[in-house]
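The lines below spell out each chain.
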Amino acid sequence: MSTAFDRRLAGADAAARELRTVRDLLRWGVSRFESAGLAYGHGTDNGWDEAVALLLWALHLPPEPLDPWLDARLPRAERRAVLELFERRVASREPAAYLTGEAWLRGMRFACDARALVPRSPIAEALDEALPQWLELHPRAPSWPASILDLCTGGASLAILAAHRFPEAQVVGADLSADALALAAVNRERHGLQQRLELLRGDLFAAVRGRRFDLVLCNPPYVNDASMQALPPEYRAEPRAALAGGPDGMDLVRRILAQAPSHLCGDGLLLLEIGHEAAHFEAAFPALEFHYLPVAAGERMLVLVEAGQLAAAAIRSRAPRRGSIPRRGTARPRARRP
Ligand SMILES: C[S@@+](CC[C@H](N)C(=O)[O-])C[C@H]1O[C@@H](n2cnc3c(N)ncnc32)[C@H](O)[C@@H]1O
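Since the model is a prediction, treat every value here as computed from it, not as a measurement. (Residues numbered from 1 in each chain as written. Predicted model: local features only at pLDDT ≥ 70, side-chain atom pairs only at ≥ 80, totals over all residues.)

**Describing the overall build of the chain**
Turning to step 1, where the next piece is worked out: Check the secondary structure of the chain and you find 14 helices and ten strands.
Turning to step 2, where the next piece is worked out: In terms of overall size, the chain behaves like a compact globule, its C-alpha atoms giving a radius of gyration of 22 Å where 338 residues would be expected to give roughly 20 Å.
Turning to step 3, where the next piece is worked out: For the chain, with 338 residues in total, the buried portion stands at 41%. (Helix = DSSP H or I, 4+ residues; strand = E, 2+ residues; numbered from the N terminus. Rg over C-alpha atoms; globule rule 2.2 N^0.38 Å. Buried ≥ 20, exposed ≤ 12 C-beta atoms within 10 Å, placed from the backbone.)

**Re the nonpolar core**
Turning to step 1, where the next piece is worked out: If you look at the biggest cluster of nonpolar residues, it comprises 94 residues, and the most contacted ones within it are Val216, Leu270 and Leu271.
Turning to step 2, where the next piece is worked out: The residues touching Val216, leaving out its near neighbours within four places in the chain, are Leu149, Leu151, Ala260, His263, Leu264, Gly268 and Leu270. (Core = buried A, V, L, I, M, F, W, Y, C linked by C-beta atoms within 7 Å. Contact = placed C-beta atoms within 7 Å.)

**Details of the site of the ligand**
Turning to step 1, where the next piece is worked out: As a structural note, the neighbourhood of the ligand is formed by 21 residues, with Cys152, Gly154, Leu176, Ser177 and Asn219 the closest of them.
Turning to step 2, where the next piece is worked out: Grouping the amino acids of the shell around the ligand by side-chain chemistry returns 13 nonpolar, six polar and two charged. (Near = placed C-beta within 6 Å. Nonpolar A, V, L, I, M, F, W, Y, C, P; charged D, E, K, R; others polar.)

**So, the environment of Leu193**
Turning to step 1, where the next piece is worked out: Tracing the chain through its elements places Leu193 in the loop between α9 (178-190) and β5 (197-201).
Turning to step 2, where the next piece is worked out: Taking the number of C-beta atoms within 10 Å as the measure of exposure, Leu193 has 19 and is therefore partly exposed.
Turning to step 3, where the next piece is worked out: For the pair Leu193 and Phe5, spaced 188 residues apart in the sequence, the C-alpha separation amounts to 41 Å.
Turning to step 4, where the next piece is worked out: Setting aside anything within four residues of it in sequence, one finds Leu193 in contact with Ile160, Ala163 and Arg188.

**Comments concerning unusual backbone geometry**
Turning to step 1, where the next piece is worked out: Pro65 follows Glu64 through a cis peptide bond whose omega is 5°.
Turning to step 2, where the next piece is worked out: Mapped onto the elements, Pro65 comes out in the loop between α3 (47-58) and α4 (76-92).
Turning to step 3, where the next piece is worked out: Located in the positive-phi region is Ala156, a residue other than glycine, with phi close to 75°.
Turning to step 4, where the next piece is worked out: Among the structural elements, Ala156 can be located in the loop between β3 (147-151) and α8 (157-165).
Turning to step 5, where the next piece is worked out: Backbone geometry places Leu204, a non-glycine residue, at a positive phi of 45°.
Turning to step 6, where the next piece is worked out: Along the chain, Leu204 falls in the loop between β5 and β6 (213-218).
Turning to step 7, where the next piece is worked out: Judged by C-beta crowding, with 21 C-beta atoms within 10 Å, Leu204 ranks as buried.

**Focus: the pairing of β5**
Turning to step 1, where the next piece is worked out: Pairing analysis gives five bridges linking strand β4 (residues 170-175) to β5, with the strands arranged parallel. By the bridge assignment for β5, Ala174 is matched with Leu200. (Pairing = 2+ DSSP bridges.)

**Examining the packing of helix α1 (residues 4-18) against α4**
Turning to step 1, where the next piece is worked out: The geometry of α1 relative to α4 is characterised by a closest axis approach of 9 Å and an angle of 145° between their N-to-C directions. For the crossing formed where α1 meets α4, the hand is right-handed. Residues Phe5, Arg8, Leu9, Ala12, Asp13, Ala15 and Ala16 of α1 form the contact with α4, whose own contacting residues are Arg76, Arg79, Arg80, Leu83, Glu84, Phe86, Glu87 and Ala91.
Turning to step 2, where the next piece is worked out: Tallied by class, the residues present in the contact of α1 with α4 amount to eight nonpolar, no polar and seven charged. (Axes fitted to C-alpha atoms, helices over the stretch in contact; angles between N-to-C directions. Left-handed = near helix turned anticlockwise from the far one by under 90°.)

**Observations concerning α8**
Turning to step 1, where the next piece is worked out: The buried count for α8 comes to seven of nine residues, which makes it a mostly enclosed element.
Turning to step 2, where the next piece is worked out: Residues Ser157, Leu158, Ala159, Ile160, Leu161, Ala162 and Ala163 constitute the buried set of α8.

**A closer look at α3**
Turning to step 1, where the next piece is worked out: Over its twelve residues, α3 runs 16 Å from end to end, which matches the ideal 16 Å to within 8%, given 1.5 Å per residue.
Turning to step 2, where the next piece is worked out: Packed against the buried residues of α3 are α2 (22-36), α4 and α5 (96-100).
Turning to step 3, where the next piece is worked out: Positive phi appears at His60, one or two residues downstream of α3, with a value of about 60°. (Expected span 1.5 Å × (residues − 1).)

Put into structure tokens, the structure is as follows:
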């Protein structure tokens, strides 16, 4: 008995006889993706870019440019390879990066599979843009940062990008997941960072007990329960522990902010991703002074907190009991623009 995937594959096979050029295949792919209602957000945000990424990978072409190939006619075997990959994307609803085994961030290639989140954190952009701009206004010693921690490192994309951005720094990547750390080790080796990137396993800062850092980067699990319920299949293909952040998304963030003062140097900084949870973040930490670092994806997705601001806020690891939460408007977070 043929499965739905086999039947679709047969359809793709028929299409492979008619479609000729790269442009033909891309148009076909976008139509398939749109009619199947795919969700994006793992490196691309629309059907065209998703089809381009898959096609270029299947044809062993670099991720850009595309234009020189658009009118190239392809032999049948190549057309079939591309169309089969498109069908796998539709049938599996896995992110494209899990199908190809690689993800690109800031022009760097990372090994990628279901052991860790697909790399896409806007912290990567901030390391090149918003953070240096902020540091111009709030200068540190020339040797800063000598030490960097990428907490919740997953496949270590941010740790590796930070190591390249700050070539003198020693970097630690820490995660609770042994699977994610195994993938991180592959990436560390591919990027030749065995001497400068240490990978440690543990529950948040327990992995680096007694150590302090100039810069702590962290893209923690912060998706709130309601949003978790509504996740499309592409996001459910990722490790749940990489996403789920409890009722208001702040379960891990509370613990991170409470523990961070013991792990930051005097002029240390915590750069934390909160995605679309700014309202929950502001409600959870009304007494905390912090800065938002703007990125292309949004103005309030990344929080930058100075060691002194964290210490002053004296945050507790657990949410206060009901009734002790300040009513809306009684205490306002004091976020500053860079
Ligand atoms: C959102 S992913 C971030 C992965 C990577 N840094 C990135 O930006 O692509 C969150 C990571 O936190 C890890 N994690 C979850 N709970 C943790 C805990 N209690 N301690 C350390 N890491 C944890 C997960 O295993 C996952 O790799």
